[in-house]
Amino acid sequence: MNPRALLQPPRALAVIALAACVVYFLSGLAPAIFVVIALSGVWLFFRTVDLRFFSVFPRHGDLPVDHVPRRLWRVFVEVLLQYRVVRDRPVVGLLHAFVLWGFLAFAWVSARHMWLGLIGLDHATGERTWYGAFVAFWSVAVLVAMIGLSFRRFVLRPKALGKLSPTSGAVASLISALMITYLLGWGVFAAGSSAWKINWWAHTLAFYALLVVIPISKHLHLVLAPVAIFFRGENTSSLRSLQEDGDDLGMIRFKDLGRKDVLDVDACVECGRCTDTCPANLSGGTLSPKQVILDMRQGLLTGGDLVAGTVEEKREGKAFVTEDDLFQCFSCGACEYVCPVGVEHVGRKILDLRRGLVSEGRINHERVNQLFTTMERAPHNPWGVAHDTRQKLIESRQFPAFDGTQEWLLWLGCGLSYDPHGQAVAQAMRQILDAAGVSYGVLARETCCGEPARRAGNEYLFMELSGKLVESFSTAGVKKLVTCCPHCTTMLNKDYRQIGDYAALGIEVRHHSEFITQLLPKLALSPAADGSAPGTKLTSVTYHDPCYLARGNGITSAPREVLEATGLNIIETNHHGKNTRCCGAGGAQLFIADDSREAQNKQRVNQQRFAELMQTKASAVAVACPFCPIMLRDAANAAQRDDVEFLDIAEIVARQLPAKPTNGAN
């Protein structure tokens, strides 16, 4: 497709409109001229949409149609009520909302306006009714909103909005013209007068000119955003499953884009919210989720081939997104959480592009290759720690072995098996399960679920590790599984269900925050018997929401219920719940982050988050992920704050369990 073709419709409409006006004043054939303008405007609109969207819309990539009522409700809340738009930028969001609500109020008036064009202007009766006054109010509101938005766009010019666009000025002018001409026709000119008729035609031309400009600009989101929001997932997007034909190696070329991908790149409104909240960008990195989407749009519309490549390949026009940017992503989902038009950047774009690069052997990231080498060797954990470390934990703490007769498998994962603090969390979890009388056990040997490998793009290694794990689960007869790691929760509850053999097992997966919440009635917690060291009893905590738990799985209330049950006062940070800030471990960054490069930035991601947590003045930081305390403790060390305690919610609960007679296992 020739992108210059997108620039032709406005010229065509201008010529048609000019000719129509001349014919009208010479012959008075108003209805016929109106029909010509209307049909021309509508035809040019659909022609441009076809060139930009439908002509490149792929035949592959299923769009989810489950939970239709929930999806429709989301469209109502986020489109008609403008919830996300107003939530994150209240003032600007309300101005945008006024424009939308004003156009909704205009719907009936516009319909009558078009009908009048068909039957003739001599049938005009005016708009001085209660509804006409109602629309006049919204016309003023829209005008005020356009003045505010234009001042921000063309005078203040926030960095997030990017370069000035002529179409933005055209749209602002046309919308303002629609409002002004309506107000003149409603309250100034007498219906049927010459001035009124000229004003009516001006309104008509502005309306159809706007219809033509919309699809050649970012304002196509007015049409596509409701659709993208409908098909968006509830939580951070996951990697899609590869097609079984053997040719699918990830997102490599533009022909690999699925339907939702094309929908996303065309629905982007270029507001920059995603980049403003991206931890990589906030810490001085070059990754801009907005630019990734815009670069993909450019490549799609210009007939590009390779989506991603090196900086040099992008400079030469051979690729559109750089490998360096892709491997800065923390897969935290902050970009998707704030996006007002339903764009899914993480799993569907960035991680799939990583997978494509790795599948073709086109990565130059030394730390990534080192991670793959480490995980390919037994015992396959990303730290490369010997299995004996986990074995000693199980034996010394006398964890019961899972043999298929127990109800629950306690999945330790790499975090609880090999990290010293993670092992303390495992012990705390054992105490809780014992106190609640839960039937459980642990596997004698665990294979890493492959989360770091898949997030870094190595699908082959993930499939190899997952095959071993699925066989292990099947042999052991696992039906229910609880884990303290949100990353494992996401893998075993989402990614693994793309594997037919695993899906057939029907394993129930629970994060320990939800599981402990269910166990609270069985636990005789005693805040007065807090097991803290003398003089260090906890009184308050600030809870750090892990990205993969809050945005990835939608779990925010369960950890707080657990903490409240212990009698602790929770002091929230400015960014909490689904609006949490990343600790810097996700997207395999715990293992692949370039520390030497990050040291040159203003502040590392974990240091930024630690500084925000410290502003609460809480006694300790509560977590619900084994990776978060690793990153936050590193930030505490950098800040020389060895007085800060990081505790998993399981540790806090275990401290308040009634003391038991010593039996050699504690």
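Within any chain, residue numbers begin from 1 and follow the written order of that chain's sequence. Given that this is a predicted model, residues contribute local features only at a pLDDT of at least 70 and side-chain atom pairs are listed and counted only at 80 or more, while totals for whole chains, interfaces and linings are drawn from all residues. Each side-chain value is derived from all of the structure's non-hydrogen atoms; neither hydrogens nor water enter the calculation.

A.B. asks: Sorry if this is basic, but what is going on with the environment of Phe-134 here?
C.D. replies: Think of it this way: any DSSP run of H or I at least four residues long counts as a helix, any run of E at least two long counts as a strand, and we number them from the N terminus. With respect to the helices and strands, Phe-134 occurs in helix H6 (residues 130-156). For the pair Phe-134 and Pro-546, spaced 412 residues apart in sequence, the C-alpha to C-alpha distance is 47 Å.

A.B. asks: For this particular structure, what's the right way to read the nonpolar core?
C.D. replies: General note: in soluble globular proteins, nonpolar side chains tend to be found buried as a group. Each nonpolar core is a collection of buried residues, namely Ala, Val, Leu, Ile, Met, Phe, Trp, Tyr and Cys, held together in the definition by side-chain atoms within 4.5 Å. Exposure is judged per residue with a 1.4 Å probe applied to protein chains only, and the accessible area is read against the type maximum: over 50% gives exposed, under 20% gives buried, and values in between give partly exposed. Leu-257, Met-296, Phe-610 and Val-621 are the most contacted members of the largest nonpolar core, which totals 108 residues. Residues Ile-394, Val-442, Leu-549 and Val-562 belong to the second largest nonpolar core, which totals 45 residues.

A.B. asks: How do you make sense of the sheet that holds strand E7 (residues 540-543) when you look at a structure like this?
C.D. replies: Remark on secondary structure: sheet strands pair via backbone hydrogen bonds, oriented parallel or antiparallel. Strands pair, by our definition, only if DSSP identifies at least two bridges between them. Here we have four strands laid out as an open sheet, ordered E8-E7-E9-E10, and parallel in their pairing. Sheet topology places strand E8 (569-570) and strand E10 (646-648) at the edges, where each strand pairs with a single neighbour. Sheet topology places E7 next to E8; two bridges connect them, and they run parallel. By the bridge assignment for E8, Ser-540 is matched with Asn-569.

A.B. asks: Can you walk me through the confidence of the model for the chain in this structure?
C.D. replies: Atom-level detail of predicted coordinates should not be read off regions where pLDDT is low. When pLDDT is averaged along the chain, the result is 91, and 92% of the positions lie at 70 or above. One number per residue, pLDDT, summarises how confident the predictor is, and it ranges from 0 to 100. The contact rule is simple, with two residues in contact once any of their heavy atoms fall within 4.5 Å. In this model, residues 1-8 is a region of pLDDT below 50 whose contacts with residues beyond four sequence positions or in other chains number twelve contacts.

A.B. asks: Would you mind going over unusual backbone geometry with me for this structure?
C.D. replies: Most of the time, phi is negative for any residue but glycine, and the peptide bond is trans. Of the consecutive residues Ala-378 and Pro-379, the connecting peptide bond is found in the cis state with omega at 10°. Structurally, the position occupied by Pro-379 is in the loop between helix H18 (366-376) and helix H19 (388-396). If you check the backbone angles, His-380 has positive phi at about 75° while not being a glycine. Residue His-380 is classed as buried on the basis of its relative accessible area, which comes to 11%.

A.B. asks: What is the right way to look at the packing of helix H9 (residues 221-231) against helix H10 (residues 259-267) in this model?
C.D. replies: The relative placement of two packed helices is expressed as an angle between their axes plus a distance between the axes. Think of each axis as a best-fit line through the C-alpha atoms, taken over the contacting stretch in the case of a helix, with angles from 0 to 180 degrees between the N-to-C directions. Following both chains from N to C, one finds H9 and H10 inclined at 140°, their axes separated by 9 Å at the closest point. Taken together, the axis directions place H9 and H10 in an arrangement best described as oblique. Along this stretch, H9 crosses H10, giving a crossing that reads as left-handed. Along the contact surface, H9 presents His-221, Leu-224, Ala-225, Val-227, Ala-228 and Phe-231, while H10 presents Lys-260, Leu-263, Asp-264, Asp-266 and Ala-267. Geometric relationships in this document are graded by angle, where less than 35 degrees denotes roughly parallel, more than 145 denotes roughly antiparallel, 65 to 115 denotes roughly perpendicular, and other angles denote oblique. Crossing handedness: left-handed means the near helix sits turned counterclockwise from the far one by under a right angle, and right-handed means the same turn made clockwise.

A.B. asks: Even after reading the chapter, I still don't get empty space enclosed by the protein, so can you show me in this structure?
C.D. replies: To locate leftover empty space, one rolls a probe as large as a water molecule over the atoms. In this analysis the probe radius is 1.4 Å and the grid spacing 1 Å, with only protein atoms considered; a cavity is a set of points the probe fits into but cannot get out of, a pocket is an open set with protein on both sides within 12 Å along at least five of seven lines, and lining residues have an atom within 4 Å of a point. Grid points are joined across faces, edges and corners, and a volume is the space filled by probe spheres set on the points. Taken as a whole and judged by the stated rule, the model has eight cavities of 30 Å³ or more. Approximately 130 Å³ is the volume found for the largest cavity. As for the largest cavity, its lining consists of 15 residues, of which Thr-236, Ser-237, Arg-455, Thr-490 and Tyr-548 are closest to the centre. Elements that contribute at least two residues to the lining of the largest cavity include exactly helix H17 (346-359) and helix H27 (547-553). Among the elements that line the lining of the largest cavity, the one with the most residues is H27, at three residues.

A.B. asks: Any chance you could explain helix H24 (residues 486-493) here in plain terms?
C.D. replies: In an α-helix, one turn spans 3.6 residues, which is why side chains three or four residues apart end up on the same side. Where burial is concerned, most of H24 is hidden: seven out of the eight residues are buried. For H24, the set of buried residues is Pro-486, His-487, Cys-488, Thr-489, Thr-490, Met-491 and Leu-492.

A.B. asks: Would you explain the pattern of salt bridges in this entry?
C.D. replies: Pairing is possible between side chains that carry opposite charge, provided their charged atoms lie close to one another. One side-chain nitrogen of Lys or Arg within 4 Å of one carboxyl oxygen of Asp or Glu is enough to make a salt bridge. Taken as a whole and assessed by the stated rule, the structure comprises 39 salt bridges. Two residues, Arg-455 and Asp-495, come together in a salt bridge whose shortest N-O distance is 3.1 Å. Taken together, the residues span a long stretch of sequence, with Arg-455 in helix H22 (residues 451-455) and Asp-495 in the loop between H24 and helix H25 (500-505) at a distance of 40 residues. Residue Arg-455 shares its accessibility class with Asp-495, and that shared class is buried. Glu-612 is the partner of Arg-609 in a salt bridge, and the nearest nitrogen-oxygen pair spans 2.9 Å. One end of the pair is Arg-609 and the other is Glu-612, both in helix H31 (residues 605-614) and three residues apart, which spans about a single turn. With respect to class, Arg-609 is no different from Glu-612; both count as buried. Here the salt bridges share partners, and the residues they tie into one network are Arg-240, Asp-248, Asp-352, Arg-355, Glu-451, Arg-454, Arg-455, Glu-459 and Asp-495.

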